[in-house]
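# Fold and contact review
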Amino acid sequence: MIEASNLTVERGGRTILQDYSITLDRGRTLAVLGANGVGKTTLISTLIGVLKPRSGRLRIGGQVGFVPQLFEAPFSYSALDIALMGRARHLGLFGAPGRRDYEITRHYLGLLGIHHLEPQAFNSLSGGQRQLVMIAQALASECELLVLDEPCAALDYKNQDKVLGLLEHLRQAHGMTIVFSTHMPQHAVEIASDVLLMTSGSSYICGPAANALSAENLTVLYDLPIARADFAGVGKHTYAPLFRHDGAHHDAG
Ligand SMILES: Nc1ncnc2c1ncn2[C@@H]1O[C@H](COP(=O)(O)OP(=O)(O)OP(=O)(O)O)[C@@H](O)[C@H]1O
């Protein structure tokens, strides 16, 4: 589904990614993690074809749906209009959305629990509400590869759970392939079959989450001690940062 070999990507004349090679089969979920500015959005923009690599080879199989990190509508569209735009590639050149397009779009708005937002002006919604509408738009496109740039960044715990559950359902029930970036390793623990840990523009670890997602690798990734905690009886575990701050700055003044 994704075959990237030796991708090198530049922005503003600077090399951001060097020699990245990633393979992801259909029906798998890849979580992309790394520090601010390391190049996660650059990689995602390359995968969806917005940025052209300077060198290397990229093969993507299937229709791609994309959920950006931030989105502001250029005109005063309703939330329903924005979600309906996901149907664009199923319409003719001047085709208007029909009953089925509305049904599919409303189905996903319903699954995300945001039916009630349909008539509201998209730009008047909160950041988290907009993020959910953009996810509905991508799902309405009925894509085979779904790429999401920090899809849960603005969401509360309940909505994070909803989105993670929906992504997992789409993968299991429809064989969808999913790539998402995140600053929350827990989200990778929950739903990722594979992880890409971007240590720098030229150094990374990519592989099955069961091997690659570890306290040791996350400690290197974030340059901060990260500990694993297992929850007895629940069969779950998480990773937590051991923040180093000593509160010294609170004493000033
Ligand atoms: N439009 C641009 N023109 C030139 N350089 C850019 C542009 N956008 C981003 N960059 C640079 O590319 C590098 C990677 O940025 P990118 O947005 O891919 O990082 P990121 O890992 O997604 O960061 P974050 O976690 O903060 O969202 C940064 O050094 C950034 O300054």
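Because the structure is a prediction, the values reported are computed rather than measured.

How each quantity is defined
Residues numbered from 1 in each chain as written. Predicted model: local features only at pLDDT ≥ 70, side-chain atom pairs only at ≥ 80, totals over all residues. Heavy atoms only, no water. Buried < 20%, exposed > 50% of the residue type's maximum accessible area, 1.4 Å probe, protein only. Helix = DSSP H or I, 4+ residues; strand = E, 2+ residues; numbered from the N terminus. Arc of directions from axis to C-beta. Contact = heavy atoms within 4.5 Å. Pairing = 2+ DSSP bridges. Axes fitted to C-alpha atoms, helices over the stretch in contact; angles between N-to-C directions. Near = heavy atom within 4 Å. Polar contact = N/O pair within 3.5 Å; in protein donor to acceptor, adjacent residues only side chain to side chain. Areas by Shrake-Rupley, 256 points an atom, 1.4 Å probe, with all protein chains shown as cover. Salt bridge = Lys/Arg side-chain N within 4 Å of Asp/Glu carboxyl O. Parallel < 35°, antiparallel > 145°, perpendicular 65-115°, else oblique. Nonpolar A, V, L, I, M, F, W, Y, C, P; charged D, E, K, R; others polar. Expected span 1.5 Å × (residues − 1).

## A look at helix 8 (residues 215-222)
Of all the residues in helix 8, the buried ones are Ala215, Leu218 and Leu221. Considered in projection along helix 8, the buried side chains sweep an arc of 120° and stay on one side of the axis. In helix 8, those exposed residues whose orientation departs by more than 90 degrees from the buried face are Glu216 and Val220. On its buried side, helix 8 packs onto strand 3 (29-34), helix 6 (185-191), strand 8 (194-200), strand 10 (226-231) and strand 11 (236-241).

## What about the sheet that holds strand 2 (residues 14-24)?
One open sheet holds the three strands; their spatial order is 2-1-4, and the pairing between them is antiparallel. The sheet terminates laterally at strand 2 and strand 4 (55-60), the two strands that pair on one side only. When the angles between neighbouring strand axes are averaged without regard to direction, this sheet yields 30°. Pairing geometry for strand 1 (residues 2-11) and strand 2, over seven bridges, is antiparallel. Paired with glutamate 3 across the strands is threonine 23, a residue of strand 2. In the packing of helix 1 (residues 40-47) onto the sheet, the strands contacted are strand 1, strand 2 and strand 4, and the crossing angle to strand 1 comes to about 120°.

## Thoughts on the site of the ligand
In the vicinity of the ligand, 15 residues are found, and the nearest of them are Arg14, Gly37, Lys40, Thr41 and Thr42. Take valine 38: an N or O atom from its main chain is 3.3 Å from an oxygen atom of the ligand. For the ligand, whose free accessible area comes to 640 Å², the fraction covered by protein is 63%. Sorting the residues of the shell around the ligand by element identifies strand 2 and helix 1 as the ones contributing at least two each. Sort the elements by how many residues they give to the shell around the ligand and helix 1 lands first, with three residues.

## Some remarks on the side chain of serine 45
Secondary-structure assignment places serine 45 in helix 1. By relative accessible area, serine 45 is classed as buried at 9%. Among all residues touching serine 45, those that are not within four sequence positions of it are Val50 and Leu51.

## Structural notes on the environment of threonine 15
You can see threonine 15 is positioned in strand 2. Taking C-alpha positions, threonine 15 is 21 Å from tyrosine 222, a pair spaced 207 residues apart along the chain. Those residues within four positions of threonine 15 in sequence are excluded, and the remaining contacts are Thr8, Val9, Glu10 and Arg54.

## Here's the deal with the pattern of salt bridges
Applying the stated criterion to the full structure yields 10 salt bridges. In this structure, arginine 54 and glutamate 10 form a salt bridge, with 2.7 Å as the shortest nitrogen-oxygen distance. With a gap of 44 residues between them, arginine 54 in the loop between helix 1 and strand 4 and glutamate 10 in strand 1 connect regions that are remote in the sequence. Taking the relative accessible area as the measure of exposure, arginine 54 reaches 51% and is therefore exposed. Between arginine 99 and glutamate 103 there is a salt bridge whose closest N-O contact spans 3.4 Å. Highlighted residues: arginine 99 and glutamate 103, both in helix 3 (residues 99-111), separated by four residues, approximately one helical turn. Bridged by salt links that share partners, the residues Arg87, Asp101 and Glu142 form one connected network.

## Describing the packing of helix 4 (residues 127-140) against helix 5 (residues 157-174)
For any two helices packed against each other, the geometry comes down to the angle between their axes and how far apart the axes lie. With their axes 12 Å apart at the nearest point, helix 4 and helix 5 run at an angle of 10° to one another. In terms of orientation, helix 4 lies roughly parallel with respect to helix 5. Together, Leu132, Ile135 and Leu139 of helix 4 and Asn159, Val163, Leu166 and Leu170 of helix 5 make up the contact between the two elements. Counted by class, the contact of helix 4 with helix 5 contains six nonpolar, one polar and no charged residues.

## Quick look at the sheet that holds strand 3
Taken in spatial order, the six strands make up an open sheet running 5-6-7-3-8-9, and their pairing is mixed. Of all the strands in the sheet, just strand 5 (64-67) and strand 9 (203-208) have a single pairing partner and so form its edges. Pairs of neighbouring strands in the sheet enclose a mean axial angle of 15°, with direction left out of account. Relative to strand 7 (residues 177-181), strand 6 (residues 145-149) runs parallel, the two sharing five bridges. Its bridge partner being in strand 7, leucine 145 is matched across the sheet by threonine 177.

## Some words on helix 4
With 14 residues, helix 4 ought to run about 20 Å at 1.5 Å a step, and its terminal C-alpha atoms sit 20 Å apart, in line with that. For helix 4, the tally of buried residues reaches 12 of 14 residues, placing the bulk of the element in the interior. Here the buried face of helix 4 lies against strand 5, helix 2 (79-84), helix 3, strand 6 and helix 5. Two residues or fewer after helix 4 comes glutamate 142, characterised by a positive phi angle close to 50°.

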